[in-house]
Amino acid sequence: RPEPQAADAKGMSPHPIAPATDPGSAAPRGCTWASGHLARAVVISTLSSIISGYDQGVMASALLTMRPDLNLTSLEVEACVGAVNIAAAFGGLIAGTVADRLGRRSALAIAHLCFIAGSAALAVCVDFNGALIGRLLQGVGVGFALVIAPIYTAEIVPQEVRGLLVSLGDVCTNLGI
């Protein structure tokens, strides 16, 4: 672990990943956060939010065709819609422990795999059970993504842009919808 560094002339302690900025500079010295590895990591992190928002928005119209195609009752439709929230709560509760054990990137990968597996299950389902399994998998992905993506972003970006880039996840959820 690096030794604590003295505060600069402005009284700000430098971030361990990116040193303090030069006056008039938008990016930290020695760090081009807006390009390269860091930008890709932030984009991947915010993709979780876009996918989550897209899932919420597209299900409203998808249920119109799913109900007659799968012969779903009103109760089954409600179960498919509500299953995401229940599974998201479960995913959110275990996401922190999984991220601590496997790492943030691995936890984000699990979230994305849950989104993909859930979408695939929904694409091939022929009855209520298949639709419910797909929605539960998507819900676990939502829970993981909503917990891990902001943490991952906050840990990797310089303090000068941390608030902006962490809040980008909320903006991306709305873009997805």
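Just so you know, the residues in each chain are numbered from 1, in the order the chain's sequence is written. Where totals are concerned, whole chains, interfaces and linings use all residues; where local detail is concerned, this predicted model gives features only for residues with pLDDT of at least 70, and gives and counts side-chain atom pairs only at 80 or more. Hydrogens and waters are ignored; side-chain quantities use all the structure's heavy atoms.

Chemist: Kindly report on the nonpolar core, identifying the contributing residues and their values.
Modeler: Soluble globular proteins tend to bury their nonpolar side chains together. In plain words, nonpolar cores are sets of buried Ala, Val, Leu, Ile, Met, Phe, Trp, Tyr and Cys residues tied together by side-chain atoms within 4.5 Å. In this scheme, a residue with accessible area under 20% of its type's maximum is buried, one over 50% is exposed, and one in between is partly exposed, where area comes from a 1.4 Å probe on protein chains only. Membership of the largest hydrophobic core comes to 25 residues, with the highest contact counts inside it found for Phe144, Ile148, Ile156 and Val157. Helix numbers and strand numbers start at the N terminus; a helix is a DSSP run of H or I with at least 4 residues, a strand a run of E with at least 2. At the level of secondary structure, the elements contributing two or more residues to this core comprise α1 (37-70), α2 (74-102), α3 (104-124) and α4 (128-156). With eight residues, α4 is the single largest residue contributor to this core. Membership of the second largest hydrophobic core comes to eleven residues, among which are Met66, Leu70, Leu72 and Leu122.

Chemist: So what's going on with the pattern of salt bridges? Residues and values would help.
Modeler: What makes a salt bridge here is a side-chain nitrogen of Lys or Arg within 4 Å of a carboxyl oxygen of Asp or Glu, nothing more. Scanning the model with the defined rule gives three salt bridges in all. Where arginine 135 meets aspartate 55, a salt bridge forms, and the shortest distance between an N and an O atom there is 3.0 Å. Taken together, the residues span a long stretch of sequence, with arginine 135 in helix α4 and aspartate 55 in helix α1 at a distance of 80 residues. Among the salt bridges present, the one from arginine 104 reaches aspartate 100, with a minimum N-O distance of 3.1 Å. Several salt bridges share partner residues, and in doing so they unite Asp100, Arg104 and Glu155 into one network.

Chemist: Please give an account of the environment of phenylalanine 128 that cites residues and values.
Modeler: On the secondary structure map, phenylalanine 128 appears in helix α4. On the accessibility criterion, phenylalanine 128 (19% relative accessible area) is buried. A C-alpha to C-alpha distance of 9.6 Å links phenylalanine 128 and methionine 66, two positions 62 residues apart in sequence.

Chemist: Just give me the short version of the side chain of arginine 135, but keep the residues and values in it.
Modeler: A relative accessible area of 4% places arginine 135 in the buried class. Here the side chain of arginine 135 touches aspartate 55 through a polar contact of 3.0 Å, side chain to side chain. Not counting residues up to four positions away in its chain, the partners in contact with arginine 135 are Asp55, Met59, Cys80, Val81, Ala83, Val84 and Leu122. Identification of polar contacts relies on pairs of N or O atoms within 3.5 Å, with a donor-acceptor requirement for protein atoms, meaning one able to donate a hydrogen and the other able to accept it, and with residues adjacent in sequence counted only if both atoms are side-chain atoms. Should any heavy atoms of two residues lie within 4.5 Å, those residues are counted as being in contact.

Chemist: Let's hear about a nonpolar patch on the surface: which residues, and what values?
Modeler: For patch detection, residues must exceed 30% relative accessible area and be free of salt bridges, and they are connected within 9 Å for like charges or within 5 Å for nonpolar side chains (Val, Leu, Ile, Met, Phe, Trp, Tyr). Surface accessibility in these figures is a Shrake-Rupley result with a 1.4 Å probe; residues are shielded only by whichever protein chains are displayed. On the surface, a cluster of nonpolar side chains totalling about 310 Å² of accessible area is made up of Val43, Ile44, Leu47 and Ile51. By secondary structure assignment, the location of isoleucine 44 is in helix α1. You can call isoleucine 44 partly exposed: its relative accessible area is 44%.

Chemist: Explain the confidence of the model for the chain to me, using residue names and the numbers behind them.
Modeler: Think of pLDDT as the predictor's per-residue confidence, scored from 0 to 100. With 80% of its residues at a pLDDT of at least 70, the chain reaches an overall mean of 81. No element of the chain has a lower mean pLDDT than α1, at 83, and none a higher one than α2, at 94. Predicted confidence is poor over residues 3-28, with pLDDT under 50, and the contacts of this stretch with residues over four places away or in other chains come to 33 contacts.

Chemist: Got a sec to walk through the packing of α1 against α3? Specific residues and values, please.
Modeler: The contact between α1 and α3 brings their axes to 11 Å, and the two run at 20°. One way to sum up the angle between α1 and α3 is to call them roughly parallel. Classified by chirality, the crossing of α3 by α1 is left-handed. Of the residues in α3, those touching α1 at Ile44, Ser45, Ser48, Ile51, Ser52 and Met66 are Leu108, His112, Phe115 and Leu122. Axes here refer to lines fitted to C-alpha atoms; in helices the fit is confined to the stretch in contact. Angles between the N-to-C directions go from 0 to 180 degrees. Oblique is the label for every angle not falling under 35 degrees (roughly parallel), over 145 degrees (roughly antiparallel), or within 65 to 115 degrees (roughly perpendicular). Crossing handedness: left-handed means the near helix sits turned counterclockwise from the far one by under a right angle, and right-handed means the same turn made clockwise.

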